[in-house]
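Coordinate inspection notes
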Amino acid sequence: METIKQGKVFVLGDDIDTDQIIPAAHLVYSLDHPDEKRKYGEFALSGVPIDKSGLPDGNIPFVASGQSESPYAIIVAGKNFGCGSSREHAPAALQIAGVQAVVAPTYARIFYRNAVDGGFVIPVESQASLVEHFQTGDKAEINLTDYFIRNQRTGETFPVKKLGQVENIIEAGGIFAYARQAGMIGE
Amino acid sequence: MGMTITEKILAKHSGGASVSPGENIWIDVDVLMTHDVCGPPAFAIFKKQFGEHAKVWDPEKVVIIPDHYIFTADKHANRNVQLLRDIVAEQKLPHFYDVGTERYKGVCHVALPEEGWTRPGEVLFGTDSHTCTAGAFGQFATGVGNTDAAFILGTGKIWVKVPETMRFVIDGEIPPYLMGKDLILQIIGDICVDGAAYRTMEFAGTAIEAMSMEERMTLCNMVIEAGGKNGVIAADATTEAFVQARTNAGYEIFHNDQDAGFHSVYHYQAEDLQPMVARPHSPDNKAGVRELKDVKVNRAYIGSCTGGKFSDFLAAAEILKDHPVKMDTFVVPATTEVSNQLRETNINGRSLWQIFEDAGAQIGQPSCAACLGGPDDTFGRLNADEVCVSTTNRNFPGRMGSKSAQVYLASPYTVAATAATGRMTDPREFFA
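About the cut-offs
- Residues numbered from 1 in each chain as written.
- Chains lettered and ligands numbered in written order.
- Predicted model: local features only at pLDDT ≥ 70, side-chain atom pairs only at ≥ 80, totals over all residues.
- Heavy atoms only, no water.
- Buried < 20%, exposed > 50% of the residue type's maximum accessible area, 1.4 Å probe, protein only.
- Helix = DSSP H or I, 4+ residues; strand = E, 2+ residues; numbered from the N terminus.
- Contact = heavy atoms within 4.5 Å.
- Buried area = accessible area lost by both parts, 1.4 Å probe.
- Salt bridge = Lys/Arg side-chain N within 4 Å of Asp/Glu carboxyl O.
- Polar contact = N/O pair within 3.5 Å; in protein donor to acceptor, adjacent residues only side chain to side chain.
- Nonpolar A, V, L, I, M, F, W, Y, C, P; charged D, E, K, R; others polar.
- Domains from an automatic or database assignment.

For the rest of this paragraph, the subject is helix α3 (residues 89-97) of chain A. All names here are of chain A. Within α3, eight of the nine residues are buried, which leaves it mostly tucked inside the rest of the structure. For α3, every residue scored as buried is listed here: H89, A90, P91, A92, A93, L94, I96 and A97. Among the residues trailing α3, G98 stands out with phi positive, at a value near 110 degrees.

Listed below in structure tokens is the structure:
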């Protein structure tokens, strides 16, 4: 696993649920078929009310109209990110749009698990909400060796939590790779 | 220290004598349920990981219930149901409730108990967050994603972190105008949408003991709206009567040890509670219905795994039998069995079905329908800036379709009372 992630930051508020991450109407598309899979990138975070999309000012689409990749590789969000449904399409949509990591103080359980077990995005837990310390468009660096995130615009550095018990799964790239390494399932 | 119900079930399924909260363990799965939205991608991952010719670990333990996007012209949605059929044929899966056949049921969380798949002491996983509904039967039940489901399909096992238990004791007699929905909206409002994150919510007390299985299901259904991992209610005679009427399978009833440890214990007195709503746009945005009597509403919706069970419609019909609706009102029975019950059950010589039609409501076919928006042609979907009062479970922005719409979550009594007046109405106005 690369332990340093860099990219532009997209800032969101508290309780961003899975219907905001990928609205249910789009779940009909295949995650395997390349043309359909692109739609998950296109519609990632399209359910966020536009005035709350890209804080602090809002009104910033996460993905430009007609595109399937976002310029933002890091999401900084408030508490309980990914609450709501069990749809794995949510972390998958973020990955397809180009997100590498989310940084939030807490996650909804199923989203966290899906992000880790499917190897989609790294759910990094910050010590406190960092929403006030980032603006959408800031560049940031996440360091998962020394466990911090740095805002390259302001120079401020904030500690993040160790990945803990799931680090081995994240490191392996998901639950299947982990289970193979551990000899639990065959090659 | 002793163990809770949830800890005992997990210990049994881990093959160990005891487990403690916070421990990561591997457990054996009794039943895996999936549906039309998550079934195809879960099986795609299963094949990718275990091989093109891999077989599921136990066809008798896989239950497939298409329910989300059924009555739609959306070609991708229809394709997904066909993919389920292909998988079922190839894997020779016996428990498939296919669309367009006599076996078709509708909403999986209501269909599972009807078909005898919810049994005390068992472990049920489903590719849907409201799988926690089945905890009402004294079992461990929770939602997982496609990757975890694929892992279970191949191995029959999955890892879980043993949750701490939050205990909610509700004593007293539930007043006639109050429903399980009011209780759970009160509790979620008190602890917030992440108040039970990663934990078990256990419901107990004399009010719970007197509840029907359907009302218990409403409580456990919405623990996910507080972030809970699972909900649980100790199985009792009510549970056993329901289960034995639906299956011959064995089961095992677990109780908390006297010295079981809880994260926290909350007490409520049923007589002190009142009809509640969750205002837009969060299930914890609680208010008493009486506080909102000036809120005008132009859409009512009765349906879903939360509020589309037979007793939910019986409650709504008690009000609508004498009062026509004053707004677009959509009635969606959760399952075909519920739909049949609406036709077969009479109040004063009229069937519930007839009562809803006479009141001016539109009745849809059993499925998840507009609870989660869905394709544009979904029955009851909010497509503009409607203000909707709904018996469903979630009201985050855009949940029932349009981001411009506003959704108030409420009990079937409150939804019916509001449909009959045009403004948010406490059902006590109809219980003179």
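Our next topic: the interface of chain A and chain B. Contacts between the two partners involve 47 residues from chain A and, on the opposite side, 47 residues from chain B. In total, about 3,700 Å² of surface goes out of reach between chain A and chain B, with carbon and sulfur atoms giving 56% of it. Put simply, chain A and chain B have four salt bridges between them. Residue D194(B) pairs with K79(A) through a salt bridge whose shortest N-O separation is 3.6 Å. For the pair chain A and chain B, the interface holds 22 residue pairs in polar contact (both at pLDDT 80 or more). Considering every element that reaches the side of chain A that touches chain B, the biggest residue donor is helix α4 (residues 109-117) of chain A, with six residues. Split into classes, the residues belonging to the side of chain A that touches chain B amount to 22 nonpolar, 13 polar and 12 charged.

Residue and element names in this part refer to chain B. For chain B, the assigned domains are domain 1 (5-268) and domain 2 (278-430). Averaged C-alpha coordinates put domain 1 and domain 2 at centres separated by 24 Å. Taken together, the contact pairs 39 residues of domain 1 with 40 residues of domain 2. Roughly 3,300 Å² is buried in total at the junction of domain 1 and domain 2, and carbon and sulfur atoms are behind 58% of that figure. Applying the counting criterion to the domain 1 and domain 2 interface returns four salt bridges. A salt bridge links D190 to K286; the shortest N-O distance between them is 2.3 Å. Our count for the contact surface shared by domain 1 and domain 2 stands at 20 residue pairs in polar contact (both at pLDDT 80 or more). Only α4 (108-114), α6 (180-191) and α8 (213-221) provide two or more residues apiece to the side of domain 1 that touches domain 2.

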